[in-house]
Amino acid sequence: MECLRAGSNRLMQSVSPEAVHIAADRKNIMQDIILIGLNHKSAPVSLRECFAFSEEDAVYAIGALRKLPAIREVVLLSTCNRVELIMYVEKSVEAAVAARKFLSEFKQVPPDQFETALYQYGGEDAVRHLFRVASSLDSMVVGEPQILGQIKAAYFKAVTYKSTGVILNRLLHRTFFVAKRVRSETGIGDHAVSISYAAIELGRKIFGELTQKKVLLIGAGEMAELAVEHLIRSQAGAIYVANRTFERGVSLAQRYHGRAIHFEEIPTALQDVDIIISSTGSPEYVISPKDVTAVMRKRRHRPLFFIDIAVPRDIDPKVNRINNVYVYDIDDLKGVVDHNIEDRNREAIKAERIIEEAVIKFANWYDGLQVVPTIKALRNKVTDIANGEMEKTMRSLENLSDADRQAVVRMKDSLINKVLHDPIMFLKESGCHTDKAVYLDMVRKFFRLDENQSE
C-alpha cells in the first residue's frame, strides 16, 4: 500500500494555529463543537487509506484524544470513504491543533501531505455536516443506507470506552433521529443508484421476493460480485460459480459458500437456477437463444432472469424474446440508475429542509444549557407554578383585605427566592464549570425545562 509516506520519520512537532480554519464570520453559540476530517471529495483513496483506523486503532485513538486537555468528548468515524473526528472541546483552536498533530503522529503522515485535504467545521456547520453525513447526503452514492450503521457503530464504541458525555450523546442521538426522519419522510433511499443494486431491484420486480432464488455467477467481474453480495443479503438460495479458470471459480464459490461448476456445465445449470449474473471477458456470446430455449420446457417455464454486466455482452439479446426470460444489459441498468439518481436529487432538497430544522432545534437546546438561560427558565417555571397555586387559593379567600393579599404575594415571592437560592448558587459556582453541561442538563431534565420542544 502506497501511503504517500515520503519523509514519514519527520513527524509533526507543531502545527501553527493559523493553519486552523474555523468559520468565524458570524456569531455561533456552539463553537466548542468541532468536526475535522477528510473524505472521498477532499482526498484520493491513496491518502484516505493512510488514515483508515482498524478496530484496535480506533479504540486507542479515542482514548488518547480524550486525554488531551483541550478535548472533552470525541467520536471517531472511520469508513472506506471518510475519517472524521467529532469533538466537544475546551478551546477550539487548541483542540484542532492537538487533533491534527495526533493524526499526523499516529498515522506517521507528515502534515504537509494531508493538510490541504482536511476540512474543519465548527458550531452549527459541524452539526449540519454530521446530520448530512448520517442522512447520506454527503455520500459517494446519495441515499445509501450503510453510513448510518457505521456512525452508530462509531458512537457505540465511543460510549463503551467513555469518550462521550452530555453534548455528544445528545448530538449523536439527534443525528440518528434526523437520519431516520430523512429516510422515512423522503424517498431518498427508495431507488437503486448503483449498477449492481439496480439489477437486484429489477429482480425483485420479476420474482417478487428473492428469498431462496438460486444464482449462477458467470465470470468474475467486480460489479457481478457486488450483485451477488446484494443477493446474499436478500437471502438468495444456492450460489453456483462458473469461470473459465476452474481454480478461480472454486475460490469465488468458497467466498460465497457456493459451488463451482465447469464452464461447460452452464447449459445444464440453467435448468435449476433462477438468476444468472454474467461478467466475462469473452469476445463472443456465452449464452445463445438455443441454450435457453432448450431448458425452458424442463423448467416448466419458470421465469429466468439474466443480468449481463459484460462489455462486450455475454448474453445474446435475442434471448430476451423468449417467454418468461428477462435480459438486462449494462445500458438497461445504467438507464435505471440515471433516472433514479434524478429522483434522489429531488428528494435531497426535502432532506436538506429537515436537516436545517434539526440544526436550529439542536442549537436552541445547546443555548439552553448556558447558565443564564437555564436559571431564567428555572425561575420562570417555579414562578408560574407558584402564581397558579396562589391564584387558586386567593379565589377561595374572598374576604382577604388588600393588605393581606399583598402579604401573601410577598410570602410567595420570598418562598420562590429561598427555594431557588441554593440551586442557582450551585449553577453559578465556578467549581462546576469543568462539567457544567452535566449539571445544566440535569437541572433541565429534573424540572422538564425543555418539555415544550418537540422531537
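In short, a report on the structure. Remember, predicted model here, so these are calculated numbers, not experimental data.

Thresholds, definitions, all that
- Per chain, the residues get numbers from 1 upward, laid out in the order the sequence is written.
- For a predicted model such as this one, the threshold for reporting local features is a pLDDT of at least 70, and the threshold for listing and counting side-chain atom pairs is 80 or more; totals across whole chains, interfaces and linings nevertheless cover every residue.
- Working from all heavy atoms in the structure, the side-chain values ignore hydrogens and water.
- Secondary structure is summarised from DSSP: a helix means a run of H or I of at least four residues, a strand means a run of E of at least two, and numbering begins at the N terminus for each.
- Three exposure classes are used, based on accessible area relative to the maximum for each residue type with a 1.4 Å probe and protein chains only: buried under 20%, partly exposed in between, and exposed over 50%.
- In this description, contact between two residues means that some pair of their heavy atoms is separated by no more than 4.5 Å.
- Residue burial considers only the protein chains on display, and all accessible areas are found by Shrake-Rupley using a 1.4 Å probe.
- By definition, two strands form a pair when at least two bridges between them are found by DSSP.
- The axes are straight lines fitted to the C-alpha atoms, using for helices just the contacting stretch, and the angles between their N-to-C directions are given from 0 to 180°.
- These descriptions rest on fixed angle ranges, namely under 35 degrees for roughly parallel, over 145 for roughly antiparallel, 65 to 115 for roughly perpendicular, and the rest for oblique.
- By convention, the crossing between two helices is left-handed when the near helix turns anticlockwise from the far helix through less than a right angle, and right-handed when the turn is clockwise.
- By the convention adopted, Pro, Cys, Tyr, Trp, Phe, Met, Ile, Leu, Val and Ala count as nonpolar, Lys, Arg, Asp and Glu as charged, and the other residues, Gly among them, as polar.
- Salt bridges are identified by distance alone: a Lys or Arg side-chain nitrogen within 4 Å of an Asp or Glu carboxyl oxygen.
- Within 6.5 Å between ring centres, the rings of Phe, Tyr and Trp (the latter by its six-membered ring) count as paired, and their orientation is classed by plane angle as stacked under 30 degrees, edge-to-face over 60, tilted in between.
- Placement of a charge over a ring requires the Lys NZ or Arg CZ to be within 6 Å of the ring centre, with the centre-to-atom vector within 35 degrees of the ring normal.
- What goes into a patch is any residue over 30% in relative accessible area without a salt bridge, connected to like charges within 9 Å or, for nonpolar side chains (Val, Leu, Ile, Met, Phe, Trp, Tyr), within 5 Å.
- Here, the term right-handed applies to a crossover whose path from the first strand over the helix to the second runs clockwise when the strands point away from the viewer.
- Nonpolar cores were defined as sets of buried Ala, Val, Leu, Ile, Met, Phe, Trp, Tyr and Cys residues, with membership established by side-chain atoms within 4.5 Å.

Helix and strand counts for the protein chain come out as 15 helices and 10 strands. In the protein chain, buried positions account for 47% of the 455 residues. Nonlocal contacts in the protein chain, meaning residues at least 24 apart in sequence, comprise 74% of its contacts between residues at least 6 apart. Counting every atom, the protein chain has about 23800 Å² of accessible surface; 53% of that belongs to carbon and sulfur.

Take the sheet that holds strand S9 (residues 304-308) next. The sheet built from six strands is open, its strands ordered S7-S6-S5-S8-S9-S10 with parallel pairing. Whereas interior strands pair on both sides, the edge strands pair on one side only; in this sheet they are strand S7 (259-261) and strand S10 (325-329). Within the sheet, the average angular offset between the axes of one strand and its neighbour, ignoring direction, is 20°. In terms of strand pairing, strand S5 (residues 215-219) meets strand S8 (residues 275-279) through five bridges, oriented parallel. Within S8, the residue paired with Ile-218 across the bridge is Ser-278. Where helix H7 (residues 195-207) meets the sheet, its contacts fall on S8, S9 and S10, and the angle it forms with S9 comes to roughly 165°. This element, helix H9 (residues 246-255), spans S5, strand S6 (239-242) and S7 of the sheet and lies at about 160° to S7.

Let us look at the packing of helix H4 (residues 124-134) against helix H6 (residues 166-185). Closest axis-to-axis distance for the H4/H6 pair is 9 Å, and the angle between their directions is 45°. Classified by the angle their axes make, H4 and H6 are oblique. Of the two elements, H4 crosses H6, and the hand of that crossing is right-handed. On H6, the residues touching Val-127, Leu-130, Phe-131 and Ala-134 of H4 are Leu-171, Leu-172, Arg-174, Thr-175, Val-178 and Ala-179. For the contact of H4 with H6, a count of residues per class yields eight nonpolar, one polar and one charged.

Moving on, we get to the pattern of salt bridges. For the structure shown, the criterion picks out 20 salt bridges. Across the pair Lys-157 and Glu-55 runs a salt bridge, and its minimum N-O distance is 3.5 Å. Here Lys-157 is found in helix H5 (residues 146-160), whereas its partner Glu-55 is found in helix H2 (residues 55-66), with 102 residues between them in sequence. Lys-157 sits in the buried class, given a relative accessible area of 16%. You can call Glu-55 exposed: its relative accessible area is 58%. Here the residues in one salt-bridge network are Lys-41, Arg-82, Glu-84, Arg-132, Asp-138 and Glu-352, joined through shared partners.

The subject of this paragraph is the packing of aromatic side chains. The full count for this structure, using the stated rule, is nine aromatic pairs. On the numbers, 5.4 Å between centres and 15° between planes, the contact of Tyr-60 with Phe-106 is stacked. Note that Tyr-60 is positioned in helix H2 and Phe-106 in helix H3 (residues 92-107), a separation of 46 residues in sequence. A centroid spacing of 6.5 Å and a plane angle of 65° characterise the contact between Phe-207 and Phe-305, whose relative ring orientation is edge-to-face. Of the two residues, Phe-207 sits in helix H7 while Phe-305 sits in strand S9, which places them 98 residues apart along the sequence. The exposure class of Phe-207 is buried, given its relative accessible area of 16%. Aromatic ring contacts, followed pair by pair, group Phe-53, Tyr-60, Phe-102 and Phe-106 into a single cluster. Residue placement shows Lys-107 over the ring face of Phe-53; its charged tip is 4.3 Å from the ring centre.

Next up on the list: a nonpolar patch on the surface. Together, Val-438, Met-442, Phe-446 and Phe-447 give the surface a local cluster of nonpolar side chains, amounting to about 380 Å² of exposed area. Counting through the fold element by element, Met-442 comes out in helix H15 (residues 436-446).

Here the focus is the pairing of S6. Burial of S6 is two-sided: the residues Ile-239 and Val-241 facing one way and the residues Tyr-240 and Ala-242 facing the other way are all buried. As judged from the four bridges shared by S5 and S6, these two strands associate in the parallel manner. Its bridge partner being in S6, Leu-216 is matched across the sheet by Tyr-240. Two elements, S6 and S7, share three bridges in a ladder whose sense is parallel. Each bridged residue has a counterpart across the sheet, and for Val-241 the counterpart in S7 is Ala-260. Crossover S6 to S7 through H9 is right-handed.

Our focus in this paragraph is the sheet that holds strand S3 (residues 82-89). Read across the open sheet, the four strands follow the order S2-S3-S1-S4; overall the sheet is antiparallel. Sheet topology places strand S2 (71-78) and strand S4 (119-122) at the edges, where each strand pairs with a single neighbour. On average, each strand axis in the sheet is tilted by 15° relative to the strand beside it, whichever way the strands run. Where strand S1 (residues 33-39) lies against S3, seven bridges are found, and the strand directions are antiparallel.

Once that is clear, we can look at the side chain of His-40. Here His-40 shows up in the loop between S1 and helix H1 (45-48). If sequence neighbours within four positions are ignored, His-40 has contacts with Arg-48, Asn-81, Arg-82, Asp-138, Ser-139 and Met-140.

Quick look at the nonpolar core now. Counting 54 residues, the largest nonpolar core has Ile-33, Val-75, Phe-131, Ile-151, Ile-167, Leu-171 and Leu-172 as its most contacted members. The residues touching Phe-131, leaving out its near neighbours within four places in the chain, are Leu-171, Arg-174, Thr-175, Val-178, Ile-355, Ala-358 and Val-359. Membership of the second largest hydrophobic core comes to 30 residues, among which are Phe-51, Val-89, Phe-114 and Ala-117.

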